[in-house]
Amino acid sequence: MATIEEVRAELKALRAKVALASQAARAANDPTKVGQLGQLLGEIDDELDDLAIEGLAAAAARLGPFRQRLEVLTQVALAWPFGSVEAPQDHERPFRAKELPPNDFADAGPTAPPPASDALPSTTIPQVSAEWSENYRQLWNTLVINADWQKKATAIAQKIIANQPRYAAAVDGMPVPWWFVSVVHSMECSMRFDQHLHNGDPLSGRTTHVPAGRPLTGGPSFTWEQSARDAIQFERLDRITDWSLPNVLFNWHRYNGINNEYKRRGIPTPYLWSGSTHYKKGKYVADGVFDPEFVSQQVGAAVILKALVDLGAVKADQLEAPAATPAAASPPTATPPAATSPATPSSGAPPAPAGTVAVEAGAASIPHIARELAYPGLLKLGAGAGAGEKFGVKRVQEWLRIHGFAAPLDSGFGSATSDQLKAFQASRARPSSGELDEQTWDLLTAPMRKALVKIESADSMPLDQLAITIARQHLAQAPIEVGGNNLGPWVRLYMAGNDGADQLWCAGFVCFVVAQACRELKIKMPFERQVGVPSLVRDARASNRLVNEGELRTSAERHSKLKPGYIFAVRDGASFSHTGFVLSVNDATFDTVEGNTGKEGGRDGANARQGSRPFAGNDFIRLN
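As the structure is a computational prediction, the values presented were derived from the model and not from experiment. (Residues numbered from 1 in each chain as written. Predicted model: local features only at pLDDT ≥ 70, side-chain atom pairs only at ≥ 80, totals over all residues. Heavy atoms only, no water.)

## Considerations on the overall build of the chain
Line of reasoning, step 1. The helix and strand inventory of the chain stands at 22 helices and eight strands.
Line of reasoning, step 2. Counting over 624 residues, the chain shows a buried share of 51%.
Line of reasoning, step 3. As displayed, the chain has an accessible area near 26200 Å², and 55% of this comes from carbon and sulfur atoms. (Helix = DSSP H or I, 4+ residues; strand = E, 2+ residues; numbered from the N terminus. Buried < 20%, exposed > 50% of the residue type's maximum accessible area, 1.4 Å probe, protein only. Areas by Shrake-Rupley, 256 points an atom, 1.4 Å probe, with all protein chains shown as cover.)

## With respect to helix 5 (residues 147-162)
Line of reasoning, step 1. Between its first and last C-alpha atoms helix 5 spans 24 Å; for 16 residues at 1.5 Å apiece the expected length is 22 Å, and the two agree.
Line of reasoning, step 2. Every buried residue of helix 5 is listed here: Trp149, Ala153, Ala155, Ile156, Ala157, Lys159, Ile160 and Ile161.
Line of reasoning, step 3. Looking at the buried side of helix 5, the elements it contacts are helix 6 (164-170), helix 7 (178-189) and helix 12 (301-310). (Expected span 1.5 Å × (residues − 1). Contact = heavy atoms within 4.5 Å.)

## As for the packing of aromatic side chains
Line of reasoning, step 1. The final tally for this structure, using the stated rule, is 21 aromatic pairs.
Line of reasoning, step 2. Their ring planes at 70 degrees and their centres at 6.3 Å tell us that Phe509 and Phe581 sit as a pair that is edge-to-face. One end of the pair, Phe509, is in helix 20 (residues 506-521); the other, Phe581, is in strand 5 (residues 575-585), and 72 residues separate them in sequence.
Line of reasoning, step 3. Site record: aromatic cluster; members linked through ring pairs are Trp399, Trp490, Tyr494, Trp505, Phe509, Phe512 and Phe581.
Line of reasoning, step 4. The residue whose ring lies beneath Lys152 is Trp149, and the NZ or CZ to ring-centre distance is 5.1 Å. (Phe/Tyr/Trp six-rings, centres within 6.5 Å; stacked < 30°, edge-to-face > 60°. Lys NZ or Arg CZ within 6 Å of the ring centre and 35° of its normal.)

## Structural notes on the confidence of the model for the chain
Line of reasoning, step 1. Confidence in the prediction for the chain averages 83 pLDDT; 82% of positions are at 70 or higher.
Line of reasoning, step 2. This model gives residues 321-355 a pLDDT under 50, and the stretch forms 63 contacts once residues within four places in sequence are excluded. (pLDDT = per-residue confidence, 0-100.)

## As for the environment of Phe294
Line of reasoning, step 1. Tracing the sequence through the fold places Phe294 in the loop between strand 2 (289-291) and helix 12.
Line of reasoning, step 2. Its relative accessible area of 35% is what places Phe294 among the partly exposed residues.

## Describing helix 8 (residues 224-234)
Line of reasoning, step 1. Within helix 8, the full set of buried residues consists of Trp224, Ser227, Ala228, Asp230, Ala231 and Ile232.
Line of reasoning, step 2. Positive backbone phi, approximately 65 degrees, marks Arg236, located one or two places after helix 8.

## Side note on the sheet that holds strand 8 (residues 618-621)
Line of reasoning, step 1. In spatial order, the strands read 3-8-4-5-6-7; together these six strands make up an open sheet with antiparallel pairing. Each end of this open sheet is capped by a strand with a single partner; those strands are strand 3 (546-547) and strand 7 (607-614).
Line of reasoning, step 2. Of the strand pairs in this sheet, strand 6 (residues 589-597) and strand 7 are connected by seven bridges, and their pairing is antiparallel. Considered in strand 7, the bridge of Thr597 is made with Asn607.
Line of reasoning, step 3. Here helix 18 (residues 463-475) sits on the sheet in contact with strand 5, strand 6 and strand 7, set at roughly 100 degrees to strand 5. (Pairing = 2+ DSSP bridges. Axes fitted to C-alpha atoms, helices over the stretch in contact; angles between N-to-C directions.)

## Quick look at the packing of helix 15 (residues 387-402) against helix 16 (residues 415-427)
Line of reasoning, step 1. Put simply, helix 15 and helix 16 touch, their axes get as near as 11 Å, and they point 50 degrees apart. Overall, the two elements helix 15 and helix 16 adopt an arrangement that is oblique. Classified by chirality, the crossing of helix 16 by helix 15 is left-handed. For the pair helix 15 and helix 16, contact is made by Val396, Gln397 and Leu400 and by Thr417, Gln420, Leu421 and Phe424, respectively.
Line of reasoning, step 2. A class-by-class count of the residues in the contact of helix 15 with helix 16 yields four nonpolar, three polar and no charged. (Parallel < 35°, antiparallel > 145°, perpendicular 65-115°, else oblique. Left-handed = near helix turned anticlockwise from the far one by under 90°. Nonpolar A, V, L, I, M, F, W, Y, C, P; charged D, E, K, R; others polar.)

## Regarding the pattern of salt bridges
Line of reasoning, step 1. Taken as a whole and assessed by the stated rule, the structure comprises 23 salt bridges.
Line of reasoning, step 2. Linking Arg492 and Glu372 is a salt bridge whose minimum nitrogen-to-oxygen distance equals 2.8 Å. Here Arg492 is found in helix 19 (residues 489-494), whereas its partner Glu372 is found in helix 14 (residues 367-373), with 120 residues between them in sequence. Of the two residues examined, Arg492 and Glu372, each falls in the buried class.
Line of reasoning, step 3. Here Asp437 makes a salt bridge to Arg430, at a shortest N to O gap of 3.3 Å.
Line of reasoning, step 4. The exposure class assigned to Asp437 is buried, which follows from its relative accessible area of 7%.
Line of reasoning, step 5. Taken together, the shared-partner salt bridges connect Glu372, Glu398, Arg492 and Asp499 into one network. (Salt bridge = Lys/Arg side-chain N within 4 Å of Asp/Glu carboxyl O.)

## Comments concerning a nonpolar patch on the surface
Line of reasoning, step 1. Together, Val285, Val289 and Phe294 give the surface a local cluster of nonpolar side chains, amounting to about 210 Å² of exposed area.
Line of reasoning, step 2. Inspection of the secondary structure assignment puts Val285 in strand 1 (residues 283-286).
Line of reasoning, step 3. Owing to a relative accessible area of 34%, Val285 belongs among the partly exposed residues under this scheme. (Patch = residues over 30% accessible without salt bridge, like charges linked within 9 Å, V, L, I, M, F, W, Y side chains within 5 Å.)

## Let's talk about the side chain of Asn618
Line of reasoning, step 1. In this structure, Asn618 sits in strand 8.
Line of reasoning, step 2. Of the polar contacts made by the side chain of Asn618, one reaches the backbone oxygen of Pro614; its length is 2.9 Å.
Line of reasoning, step 3. With residues near it in sequence (within four places) discarded, Asn618 still touches Glu549, Phe568, Ala569, Val570, Arg571 and Phe590. (Polar contact = N/O pair within 3.5 Å; in protein donor to acceptor, adjacent residues only side chain to side chain.)

## Remarks on the packing of helix 5 against helix 12
Line of reasoning, step 1. At a minimum axis distance of 8 Å, the contact between helix 5 and helix 12 shows a crossing angle of 70 degrees. The orientation of helix 5 with respect to helix 12, classified from their angle, is roughly perpendicular. Crossing of helix 5 over helix 12 shows right-handed handedness. Contacts between helix 5 and helix 12 involve Ala153, Thr154, Ile156, Ala157, Ile160 and Ile161 from the former and Val303, Ile304, Ala307 and Leu308 from the latter.
Line of reasoning, step 2. Residue composition of the contact of helix 5 with helix 12, grouped by class: nine nonpolar, one polar and no charged.

## Some details on empty space enclosed by the protein
Line of reasoning, step 1. For the structure shown, the criterion picks out six cavities of 30 Å³ or more.
Line of reasoning, step 2. Empty space within the largest cavity amounts to approximately 70 Å³.
Line of reasoning, step 3. Forming the walls of the largest cavity are Pro94, Phe95, Met187, Asn256, Tyr262, Pro270, Tyr271, Lys283, Ser296 and Gln298.
Line of reasoning, step 4. Here the lining of the largest cavity is composed, by residue class, of six nonpolar, three polar and one charged. (1 Å grid on protein atoms, 1.4 Å probe; cavity = no way out; pocket = protein on both sides within 12 Å on 5 of 7 lines; lining within 4 Å. Points joined across faces, edges and corners; volume = space filled by probe spheres on them.)

## Considering unusual backbone geometry
Line of reasoning, step 1. The linkage connecting Arg214 with the following residue, Pro215, adopts the cis geometry, with an omega of -15 degrees.
Line of reasoning, step 2. Tracing the sequence through the fold places Pro215 in the loop between helix 7 and helix 8.
Line of reasoning, step 3. Phi is positive for Met191, close to 65 degrees, though the residue is something other than glycine.
Line of reasoning, step 4. Position of Met191 among the secondary structure elements: in the loop between helix 7 and helix 8.
Line of reasoning, step 5. The buried category is assigned to Met191, whose relative accessible area is 0%.
Line of reasoning, step 6. Notably, Arg236 is not glycine yet its phi reads approximately 65 degrees, a positive angle.

## Side note on the environment of Leu466
Line of reasoning, step 1. Mapped onto the elements of the fold, Leu466 is located in helix 18.
Line of reasoning, step 2. Sequence separation between Leu466 and Gln516 is 50 residues; the distance between their C-alpha atoms is 9.3 Å.
Line of reasoning, step 3. Excluding anything up to four places from it in sequence, Leu466 contacts Ile455, Ala458, Met461, Ala517, Glu520 and Leu521.

Here it is in structure tokens:
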């Protein structure tokens, strides 16, 4: 008969499985399964508590029913794409325009004509053009994942990480990063290991769709690894050493084809951008058959990449490196660094740890930003005695809440904070120590760091265009209040280190973004920083930069006198109450990027959001 310790161990193992299934059901937005699994968790916890009291026999007798209920509940909770069950055979296929031209990868850019029809030599190595490179970087820097796609992208990324050893084996001896192949596997095969990496055809024979007849030798059936290596060689990926972001996106793009209806119609290809705000509609529903109204339901490659970066499986510096190394095919590191002493904010920019998102140098040297991002040193259970530690612990708790983990906000590092930090670390493929090491801090603060990175080709943009590009870059990181009205690290970022109920931050958001753009252009701000909208308008009126609503009576006047990057100011009687950026100008409305707003587009909300407003009741401010 089993001992009490053996029964307790099995109960704990069952509890861990139930907890995993509960997380998957939550990710799948299935409240019914969450409730059922929560009830089962409670019963197992009760059983653990009462084990010594009730006796061994009663507890052991209930293990069987527990196992049966768990199996039934997890069958749905762990279904694709939220767990380990393989994708269905008919999961959405990434159809192509037609037979891919042999020189498709010589395409010069989104506005360039197709390259000459002559086939390029077989020795030619695919290389992204300058125009495509700029296009990819702009789209990446302004990437916003649609809210209802975020969990789906994260779940796919988590499954990719779980299968990392198999992807690493497929690229062994090649300069191709394991994660590049993993994303192709998701796009072409829905991560099924019984399909060809080339196009999702079954491994029981050679491919029949484009490219047909692969692999050329061997068979008639193939292992997934055989097929994967043939696909890599067929696409000339094994010759590429530049795995920086533009080349990564370019090589995914050409995998599905570049010269097609997406390019002709100016549609960001869903193969990369589906699931983000960049893509709206239009898709090939069969090879060579394009439906302009069909909306792809497959998560795009760039969206999956962002989820992998957010989970720490792909490091930001890998995407900036000029060349891949053999280490590119190794799994994510799981070793925390040695503890370091708390960083002291100063007017200088401290060197960033390896793998940290590189903040634009001007921003990194601003004292309140340096203080906000500085690693507070090793924090663990019991920390929070002195003022410095309290501030560090509170920032950890705030960022945990921003990432969706229910930490308290008491500035004390208790068991609840430790447990939530463990859960966060596990979600990012980090050792679940429950202690704040430097890599965990970098992952916690990564959204703010990403909002502050330098824009590629910034010096070639006018101020208003750069300002709206930076505003969208901030928006992509979902700035939000935490802990109460106008509280939290994002508010402090925009309000020069201050937060509190009186720190209305819509004007602070606007001025911060303009200042960031001016630093990158190395020019003086065209107006003084203001934290009140009336002051912003008074300054614009005094410097003849104000465009009154009365000047915008017709659609033609609106299109001629306004452009993206201008600032709008909402009138409230004789004064002004809210502000933000003009994202685009329509006939009767204008789209916006604005801070300190909510879902309904009001003032003093908790988020930075994209919205739409009528022209009535608004005046506008030119940046210069």
